[in-house]
Protein chains: 2
Amino acid sequence: MSHTHENPVGLQEKYQRELLSAGLLIESSVPGVYGRSDVFEGVIQRFEAYLTRNSRHLQPEVIHFPPILSRDDYLKTSHIETFPHLMGSLHGFLGNERTHMELLRKREHGENWAADLEPIELMMAPAACYPLYPTARDTTLPEKGRLIDLVGFVFRHEPSNDPARMQSFRQREFVQLGTPEQALNHRDDWIDKGIELYKGVGLDEVQRVIANDPFFGRGGRAMVVSQIEQAMKYELVFPITSTEKPTAIASSNYHMDHFSHSYNIKTTNGEFAHTACIGFGLERTALAMFKKFRFDVKAWPSSVKTALEL
Amino acid sequence: MSHTHENPVGLQEKYQRELLSAGLLIESSVPGVYGRSDVFEGVIQRFEAYLTRNSRHLQPEVIHFPPILSRDDYLKTSHIETFPHLMGSLHGFLGNERTHMELLRKREHGENWAADLEPIELMMAPAACYPLYPTARDTTLPEKGRLIDLVGFVFRHEPSNDPARMQSFRQREFVQLGTPEQALNHRDDWIDKGIELYKGVGLDEVQRVIANDPFFGRGGRAMVVSQIEQAMKYELVFPITSTEKPTAIASSNYHMDHFSHSYNIKTTNGEFAHTACIGFGLERTALAMFKKFRFDVKAWPSSVKTALEL
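Residues numbered from 1 in each chain as written. Chains lettered and ligands numbered in written order. Predicted model: local features only at pLDDT ≥ 70, side-chain atom pairs only at ≥ 80, totals over all residues. Heavy atoms only, no water.

> Would you explain the interface of chain B and chain A in this entry?
Quoted interface sizes are often the accessible area lost when the parts come together. Of the residues lining the interface, 65 residues belong to chain B; the matching set on chain A comes to 65 residues. Between chain B and chain A, roughly 5200 Å² of surface is buried when both sides are summed, and carbon and sulfur atoms account for 68% of that area. Connecting chain B to chain A are two salt bridges. With a closest N to O distance of 3.1 Å, A:Arg107 and B:Glu81 form a salt bridge. (Contact = heavy atoms within 4.5 Å. Buried area = accessible area lost by both parts, 1.4 Å probe. Salt bridge = Lys/Arg side-chain N within 4 Å of Asp/Glu carboxyl O.)

If you want it as structure tokens, here you go:
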């Protein structure tokens with residue numbers, strides 16, 4: 001089939017059906033929410049170990065975060081302005097036995113019982129590195145800055161049959177806090193390193209693009225222009241289901257001093273720190289590998305298996 | 001200090017402070033929500049691999065689940081009746097640019113912006129095995145039943161300074177679907193096996209107790225009596241911070257045919273299947289090990305390090 005006849009949605013749904021029928025992903029009743037098989041998870045674990053082996057010489061601090069973020073810290077990002085449609089806000093039942101009876105009555109009668117719940121102090125984490133910045137609140141960074149290796153589940157409310165567009169998935173990130181130069185060097189080094197690492201596991205088609213986020217609404221469109229002009233976001237894209245519209249499997253963001261202003265993080269010279277991160281989409285990386293090398297991991301090229309210690 | 005002078009809350013907070021100051025857990029602004037250090041996570045990963053090695057001969061199916069569950073499937077459990085105070089309901093912004101402006105205005109003025117969000121089709125998973133049962137909907141089990149090895153983050157809205165009472169933590173579960181005999185054998189075998197596995201990593205103090213859940217409200221108290229009478233729930237407890245009130249680090253539940261009725265899961269003889277699970281609390285297991293063997297993993301007894309391949 002030539003590119004001009006590609007139907008991106010059709011190709012996404014075809015790949016989804018293949019993954020489900022091979023049992024690599026396990027369907028739920030909600031689009032974009034899947035169980036992962038042992039084989040699927042195995043590729044993610046081996047890719048994570050590969051990233052660890054190839055970053056150990058940098059001696060990063062390592063932190064694992066749970067999938068939730070404090071509501072206060074969520075509001076210190078710009079997510080509510082830029083991606084409100086993707087947020088997940090946690091609500092709970094803070095009532096007593098009487099209001100509990102009323103909750104159950106509403107549920108019984110098919111009424112909107114959940115509307116009576118109250119917002120609690122938590123949001124779904126929209127990015128794996130958002131829980132990091134508050135942990136550095138009111139600190140002065142060491143001379144060389146800080147490099148953090150982190151991983152966590154993130155949430156995006158965007159039901160889809162594109163297997164690469166999950167509502168809940170993991171990002172493995174390397175984050176630099178430091179001077180503007182340290183942050184920018186981190187971003188530039190890791191874009192090159194990311195391409196190299198993907199080539200090392202056989203994903204030679206990976207390409208770097210200057211990217212913009214699909215911000216919400218009209219205000220968003222102004223932000224897109226600004227983001228592209230400043231080249232603050234790069235993506236590494238791979239043709240998972242479409243060569244015309246390749247999918248971002250990793251992305252790199254330069255936040256300037258946004259987070260350090262929110263949390264009062266300084267460099268040794270007393271300036272607000274700058275931050276930059278690269279995030280590897282673990283599920284999307286696995287989907288790229290299964291697409292290119294197909295579903296029988298034992299039959300993958302030996303160079304790929306060697307690199308991943310599969 | 002003798003047992004009669006123990007202050008359980010004080011001991012919990014003391015252990016929390018020790019873990020935070022050693023950097024094993026990283027504090028957030030919400031009680032019970034922590035980052036995990038490399039060392040903390042390493043113990044969990046090694047314990048998980050130990051469980052895998054010691055269950056491989058059973059040839060379980062392996063599934064990893066994301067931290068969320070469909071709202072419909074949540075309502076097929078009894079969680080809203082029994083533990084409403086622990087639920088996490090996901091709410092999202094489904095509006096347009098105009099309502100987005102209003103959302104931002106409310107947030108700007110310190111109003112309850114989140115109350116305008118709408119319940120979406122997802123809940124936080126309250127137990128790691130709840131996403132499993134719907135995947136077996138309308139099936140007949142094989143003769144020997146099905147054994148599933150699964151893991152996932154679960155959520156409980158119970159802010160606490162007890163490090164063993166996290167709001168977001170992982171359960172590794174082994175679940176049996178089958179005849180009543182297969183389900184009960186699974187429960188009984190795994191209680192013995194669980195004790196043995198914990199002794200194998202040096203946690204000799206683990207004990208089995210017939211347990212009851214702290215159900216919500218008055219209706220809950222009747223359920224407690226019924227649960228204890230039928231001995232449906234066992235816990236494996238370990239004195240993490242208190243010898244008087246040891247902490248459940250694993251628990252086993254027999255659900256009779258509750259889930260198979262909800263999802264129409266049958267055995268070969270045409271009866272509704274019975275289900276049972278054992279869940280290992282991964283964070284609590286690590287907390288038990290750090291409590292007993294302290295924070296320098298390299299100095300742990302060689303038998304423990306050998307068992308965990310540490």
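Once the structure has been displayed, the description carries forward.
> How do you make sense of the relation of the copies chain B and chain A when you look at a structure like this?
A rotation about an axis combined with a shift along that same axis relates the two copies of the chain. The transform that puts chain B on chain A rotates by 180 degrees and translates by 0.0 Å along the axis, for an RMSD of 0.0 Å. Put plainly, the chains are arranged around a two-fold axis. When C-alpha distances to the rotation axis are compared across chain B, the minimum falls at B:Leu90, with a value of 2.5 Å. Both copies share a contact surface, since 100% of the interface residues of chain B are interface residues in chain A too. (Least-squares fit on C-alpha atoms with pLDDT ≥ 70 in both.)

> Mind showing me how you'd approach the confidence of the model for chain A here?
Any residue range with low pLDDT should be treated as having predicted coordinates unsuitable for detailed reading. This prediction gives chain A a mean pLDDT of 94; 95% of its residues lie at or above 70. Scored as a complex, the prediction yields pTM 0.95 and ipTM 0.95. (pLDDT = per-residue confidence, 0-100.)

> Explain helix H5 (residues 97-108) of chain B here, please?
All names here are of chain B. Under the 1.5 Å per step criterion, the end-to-end length of H5 is 16 Å for 12 residues, consistent within 8% with the ideal 16 Å. If you check which residues of H5 are buried, you get His100, Leu103, Leu104 and Lys106. Taken around the axis of H5, the buried residues stretch over an arc of 160 degrees, which confines them to a single face. Turned more than 90 degrees away from the buried face of H5 sit Arg98, Met101 and Glu108, all of them exposed. (Helix = DSSP H or I, 4+ residues; strand = E, 2+ residues; numbered from the N terminus. Expected span 1.5 Å × (residues − 1). Buried < 20%, exposed > 50% of the residue type's maximum accessible area, 1.4 Å probe, protein only. Arc of directions from axis to C-beta.)

> Looking at this structure, how should I read the pattern of salt bridges?
Side chains that differ in sign of charge can pair as their charged atoms come close. Going through the model one piece at a time under the given rule, you end up with 40 salt bridges over all chains. Via salt bridges that share partners, A:Arg36, A:Glu41, A:Arg170 and A:Glu283 belong to a single interconnected network.

> Any chance you could explain the sheet that holds strand S11 (residues 247-256) of chain B here in plain terms?
Paired through their backbone hydrogen bonds, the strands of a sheet run either parallel or antiparallel. Across the sheet, nine strands lie side by side as S1(A)-S2(A)-S3(B)-S7(B)-S8(B)-S12(B)-S11(B)-S10(B)-S9(B); this open sheet has mixed pairing. Edge positions in the open sheet fall to strand S1 (25-27) of chain A together with strand S9 (207-210) of chain B, since each of these has one partner strand only. Across the sheet, the mean angle from the axis of one strand to that of its neighbour is 25 degrees, orientation sign disregarded. Relative to strand S12 (residues 274-281) of chain B, helix H6 (residues 180-200) of chain B is tilted by about 15 degrees, and along the sheet it contacts strand S7 (146-155), strand S8 (168-178), S9, strand S10 (233-238), S11 and S12 of chain B. (Pairing = 2+ DSSP bridges. Axes fitted to C-alpha atoms, helices over the stretch in contact; angles between N-to-C directions.)

> Sorry if this is basic, but what is going on with the nonpolar core here?
The tendency in soluble globular proteins is for nonpolar side chains to be buried as a group. In this structure, A:Trp113, B:Leu203 and B:Phe280 are the most contacted members of the largest nonpolar core, which totals 81 residues. Considering each element in turn, this core owes the most residues, seven residues, to helix H9 (residues 282-293) of chain B. By size, the runner-up hydrophobic cluster in this structure holds 79 residues, among which are A:Tyr198, A:Phe259, B:Ile26 and B:Phe93. (Core = buried A, V, L, I, M, F, W, Y, C linked by side-chain atoms within 4.5 Å.)

> Honestly, the sheet that holds strand S1 (residues 25-27) of chain B in this entry has me stumped. Any pointers?
Read across the open sheet, the nine strands follow the order S9(A)-S10(A)-S11(A)-S12(A)-S8(A)-S7(A)-S3(A)-S2(B)-S1(B); overall the sheet is mixed. The open sheet is flanked by strand S9 (207-210) of chain A together with S1 of chain B, the only strands paired with a single partner. Across the sheet, the mean angle separating the axes of adjacent strands is 25 degrees when strand polarity is ignored. With three bridges connecting them, S1(B) and strand S2 (residues 34-37) of chain B associate as antiparallel partners. Across the sheet, the residue bridging to B:Glu27 is B:Tyr34, located in S2(B). Sitting on the sheet, helix H6 (residues 180-200) of chain A touches strand S7 (146-155), strand S8 (168-178), S9, strand S10 (233-238), strand S11 (247-256) and strand S12 (274-281) of chain A, and the angle it makes with S12(A) is about 15 degrees.

> Would you take a moment to explain the pairing of strand S5 (residues 89-92) of chain B for this structure?
Where a strand is regular, its side chains alternate between the two sheet faces. The two faces of S5(B) match: B:Ser89 and B:His91 on one face and B:Leu90 and B:Gly92 on the other face are all buried. Alignment of strand S5 (residues 89-92) of chain A against S5(B), held across three bridges, turns out to be antiparallel. Note that in S5(B) the partner of A:Leu90 across the bridge is B:Leu90. Sheet topology note: the S5(B)/strand S6 (residues 118-124) of chain B ladder contains three bridges and is antiparallel. Paired with B:Gly92 across the bridge in S6(B) is B:Glu118.

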